[in-house]
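Listed below are the residues making up each chain.
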Amino acid sequence: MIRVVESSFVKSAVKPKDYPETQYQEVAFAGKSNVGKSSLINTLLNRKLLAKISGKPGKTRLLNFFEIRCKKKMESSGEELDAFFQIVDLPGYGYAKVSKSERESWKKMIMTFLTQRIQLRLVVLLVDIRHKADPKDKLMMEMLQEAGIKFILVATKSDKIKGSKALAAAKNLKAEFGVDVPIFPVSSLKKKGMDKLMKTIEEILF
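The paragraphs below set out a description of the structure included in this document. For every chain, the first residue of the written sequence is number 1, and numbering continues from 1 onward in sequence order. For a predicted model such as this one, the threshold for reporting local features is a pLDDT of at least 70, and the threshold for listing and counting side-chain atom pairs is 80 or more; totals across whole chains, interfaces and linings nevertheless cover every residue. The basis for the side-chain values is all heavy atoms of the structure; hydrogens and waters are excluded.

One finds Leu63, Phe113, Leu114, Val123 and Met140 to be the most contacted residues of the largest nonpolar core, which totals 38 residues. A helix here means a DSSP run of H or I that spans at least four residues, while a strand means a run of E at least two residues long, and both kinds are numbered starting from the N terminus. Only strand 2 (26-31), strand 3 (63-73), helix 2 (100-116), strand 5 (120-128), helix 3 (135-147), strand 6 (151-156) and helix 4 (165-177) provide two or more residues apiece to this core. Counting residues per element, this core draws most heavily on helix 2, at six residues. Every residue pair with non-hydrogen atoms within 4.5 Å of one another is taken to be in contact. Once you skip the residues sitting within four places of it in the chain, Leu114 turns out to touch Leu120, Val123, Met140, Met143, Leu144, Ala147 and Ile149. What makes a nonpolar core is a set of buried Ala, Val, Leu, Ile, Met, Phe, Trp, Tyr and Cys residues whose side-chain atoms join them at distances within 4.5 Å. Think of it in three bands: with a 1.4 Å probe and only protein chains considered, a residue is buried below 20% of the maximum accessible area for its type, exposed above 50%, and partly exposed in between. The next biggest cluster of nonpolar side chains, apart from the first, holds 28 residues, and it includes Ile68, Cys70, Leu122 and Leu126.

The following block contains the structure:
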């Protein structure tokens, strides 16, 4: 499995002309406000404050780009070589206090990114494992399907459910969405499920 050795913030952007120019493939993280996107990104990369965590839902309104340098072991020789990719932290959606015009602006920005960013290979769609499938998450899923973007589901906050019930809850949630994609129960707090998620990202990107 790839081993993250360095990660850095590149820039924030809204429009395609402001996207960073790169040859590296990208994986984007999407989800409702306060679902734990920034916490997951930080845990996945073994960083504390790379992706900024806000106590105010709906605060992030930009596309945030991060560059990741990894070591990937070659099966033939066992040698570790550098491998690069980018993570894009998409602004959270579904915050009730955001105006209708802001919601429309968000939707336009996200659809533009999904349809025009040729480096994008995967979207990790985060959902709260404690709740039933949310219509807003279903709408995001439909946007991904419409754009023809590969995605997986990540059920966050699995530490809030006792024992082995987390896996069953994740499977039930996947069934509610009615899609044939992988789902991963994770806990950023307990650092659970990160290896499986990173391995899947590796398989898709490399």
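Moving on, there is more to tell.
Before going further, it helps to spend a moment on the packing of aromatic side chains. Here a ring pair, both rings aromatic, is described through the centre-centre distance and the interplanar angle of the planes. Working definition: a ring pair exists when centres of Phe, Tyr or Trp rings (six-membered ring for Trp) sit within 6.5 Å. Plane angles under 30 degrees give stacked, over 60 give edge-to-face, the rest tilted. Scanning the entire structure with this criterion turns up seven aromatic pairs. Relative to Phe66, the ring of Phe9 has its centre 5.6 Å away and its plane inclined at 65°; by these criteria the two rings are edge-to-face. Of this pair, Phe9 sits in strand 1 (residues 3-13) while Phe66 sits in strand 3, and the two are 57 residues apart along the sequence. A relative accessible area of 43% means that Phe9 is categorised as partly exposed. Consider the rings of Tyr19 and Phe65, whose centres lie 5.9 Å apart with planes at 45°: the pair is tilted. Taken together, the residues Tyr19 in the loop between strand 1 and strand 2 and Phe65 in strand 3 connect sequence positions 46 residues apart. Aromatic ring contacts, followed pair by pair, group Tyr19, Phe65 and Phe113 into a single cluster.

Take the pattern of salt bridges next. Pairing of side chains with opposite charge becomes possible as their charged atoms draw close. By salt bridge we mean one thing: a side-chain nitrogen of Lys or Arg within 4 Å of a carboxyl oxygen of Asp or Glu. With the rule as written, the count across this model stands at eleven salt bridges. Notably, a salt bridge pairs Lys37 with Asp89, separated by 2.7 Å at the nearest N-O pair. Taken as a pair, Lys37 in helix 1 (residues 37-44) and Asp89 in strand 4 (residues 80-89) lie far apart in primary sequence, 52 residues in all. One exposure class covers both Lys37 and Asp89, and it is buried. Between Lys71 and Asp82 there is a salt bridge, and its shortest N-O distance comes to 2.9 Å. Here Lys71, found in strand 3, pairs with Asp82, found in strand 4; they are eleven residues apart in sequence, far enough to count as distant.

Here we come to unusual backbone geometry. Generally, phi is negative for residues other than glycine and the peptide bonds are trans, each holding for most cases. Here Asn34, not a glycine, exhibits a phi torsion of approximately 75°, which is positive. Examined against the element boundaries, Asn34 turns out to sit in the loop between strand 2 and helix 1. By relative accessible area, which is 54% here, Asn34 ends up exposed. Even without glycine at this site, Asn46 takes up a positive phi of about 60°. In this structure, Asn46 sits in the loop between helix 1 and strand 3. Overall, the relative accessible area of 64% leaves Asn46 in the exposed class.

To continue, consider the packing of helix 2 against helix 3. Orientation is described by axes fitted as lines to C-alpha atoms, over the contacting stretch for helices, and by angles from 0 to 180 degrees between their N-to-C directions. Contact pair helix 2 / helix 3: the axes reach a minimum separation of 10 Å and the direction vectors enclose 35°. Here the hand of the crossing between helix 2 and helix 3 comes out right-handed. Across from Trp106, Lys107, Ile110, Met111, Leu114 and Thr115 in helix 2, the residues of helix 3 making contact are Met140, Met143, Leu144, Glu146 and Ala147. Along the lines of polarity and charge, the residues of the contact of helix 2 with helix 3 split into eight nonpolar, one polar and two charged. By the definition used in this description, the sense in which the near helix is turned from the far one sets the handedness, with an anticlockwise turn below a right angle giving left-handed and a clockwise turn giving right-handed. In this count, Pro and Cys sit with the nonpolar residues alongside Ala, Val, Leu, Ile, Met, Phe, Trp and Tyr, while Asp, Glu, Lys and Arg are called charged and the others, Gly among them, polar.

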